[in-house]
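# Structural features, examined
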Amino acid sequence: MILEVALGGRRHTVAVTEDADGMVVAWDGTRRHVRLAPLVGSEWWRLEVDGRRYDVRLQPYDDGVRVTVGASRAEVLVRRALPVPSRRARDPAVATAVEVRAPMPGLVVATPLAAGQPVAAGQAVVVVEAMKMQMEVPAPVSGQVAEVRVRPGQEVTGSQVLVVLHTGPGAGESR
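None of these values were measured; they are calculated from a predicted model.

Calculation notes
Residues numbered from 1 in each chain as written. Predicted model: local features only at pLDDT ≥ 70, side-chain atom pairs only at ≥ 80, totals over all residues. Heavy atoms only, no water. Helix = DSSP H or I, 4+ residues; strand = E, 2+ residues; numbered from the N terminus. Contact = heavy atoms within 4.5 Å. Pairing = 2+ DSSP bridges. Salt bridge = Lys/Arg side-chain N within 4 Å of Asp/Glu carboxyl O. Buried < 20%, exposed > 50% of the residue type's maximum accessible area, 1.4 Å probe, protein only.

### What about the overall build of the protein chain?
For the protein chain, the count of helices and strands is 1 helix and 16 strands. Sequence separation of 24 or more characterises 44% of the internal contacts of the protein chain that already satisfy a separation of 6 or more.

### Topic: the pairing of strand β6 (residues 52-61)
Bridge count for strand β5 (residues 44-49) against β6 is 6 bridges, and the pairing is antiparallel. For Leu47, the partnering residue across the bridge sits in β6 and is Tyr54. Taking the residues that link successive antiparallel strands as the turn, the β5-β6 hairpin has 2 residues, and the phi of Asp50 there is positive, at about 50°.

### Details of the pattern of salt bridges
Counted according to the given criterion, the structure contains 6 salt bridges. Between Asp21 and Arg35 there is a salt bridge, with the nearest N and O atoms lying 3.0 Å from each other. Of the two residues, Asp21 sits in the loop between β2 (10-19) and β3 (22-27) while Arg35 sits in strand β4 (residues 30-38), which places them 14 residues apart along the sequence. What makes Arg35 partly exposed here is its relative accessible area of 37%. Of the charged contacts, one joins Glu147 and Arg149 as a salt bridge, the two residues approaching to 3.3 Å between their closest N and O atoms. The exposure class assigned to Glu147 is partly exposed, which follows from its relative accessible area of 36%. Taking relative accessible area as the criterion, Arg149 reaches 40% and is therefore assigned partly exposed.

### Digging into unusual backbone geometry
Backbone geometry places Asp50, a non-glycine residue, at a positive phi of 50°. Positionally, Asp50 belongs in the loop between β5 and β6.

### Topic: the environment of Val56
With respect to the helices and strands, the residue Val56 is situated in strand β6. Val56 gets classed as buried once you look at its relative accessible area, which sits at 3%. Through-space distance from the C-alpha of Val56 to that of Pro38 is 9.5 Å; in sequence the pair is 18 residues apart. Those residues in contact with Val56 that sit more than four places away from it in its chain are Leu36, Glu43, Trp44, Trp45, Leu47, Val67, Thr68 and Val69.

### A short note on the sheet that holds strand β15 (residues 155-156)
Pairing in this open sheet of 4 strands is antiparallel, and the strands run β13-β12-β10-β15 from one edge to the other. The outermost strands of the open sheet, each flanked by one partner alone, are β13 (133-138) and β15. Bridge analysis of strand β10 (residues 106-110) against β15 gives 2 bridges, and the strand direction is antiparallel. Bridged to Gly106 within β15 is Val156.

### Some thoughts on the sheet that holds strand β9 (residues 96-101)
Strand order in the open sheet formed by 4 strands is β9-β16-β14-β11, and the pairing between neighbours is antiparallel. Two strands close off the open sheet at either side, each with one partner strand: β9 and β11 (118-119). Across 6 bridges, the pairing between β9 and strand β16 (residues 161-167) is antiparallel. Bridge pairing in β16 links Glu99 to Val164.

### Here we look at the pairing of strand β1 (residues 2-7)
Bridging between β1 and β2 involves 6 bridges; their strand directions are antiparallel. Within β2, the residue paired with Glu4 across the bridge is Thr13. Linkage of β1 to β2, two consecutive antiparallel strands, is achieved through a turn of 2 residues, within which Gly8 is found at a positive phi near 60°.

Here it is in C-alpha cells:
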C-alpha cells in the first residue's frame, strides 16, 4: 500500500507492506519495522517503531486520517495515495482490473456499490470501521465495479482486496 503523508508542511510518499510480525514502512528510503495495536477501551493505539513505543490517536480527517502522537501533539495527515496509472491503463482501448484494498484492519460497515455499477475516482466503494472511526475507502480510478469481495459485518485485514474495478472500453458507462 502506498500512502501520502503530510508532516510539517512537507509531503512524503510512504510504502507499507505486511510481514509476519507487523509491517515494514519505507519512508524517504529508510525501512522501519512497525507494529500497531489498539489500546483496549480507548481511541488510542500503541505504535512500535523498531522497538520504540509511542501512543497515537487516529481520527478521521477530510479524506484521510489525522494521527496525534503522544503528548507532543505532532499531527500527521495520512491519505492513501492514488495508484499511478500504467501506460496500459492510460490506453482507453485496453481493459484493466484495479483492486481496491483495505487501508487498515476493521469491520465492513457498508458496500454502497454493486457489481456492474459505474464509479468515479474518489467515490466511496466500501465503508470500514476501525477503533470507532468510519473510513470511506475511495475508488482510485473511474470505471465500473467488476466485483465486490466483502459484505457488511465482515472483518477485513489490512490490504485485503475489497472491490475490483474494471477500467477501459465501456467501463463506467450507464447500462
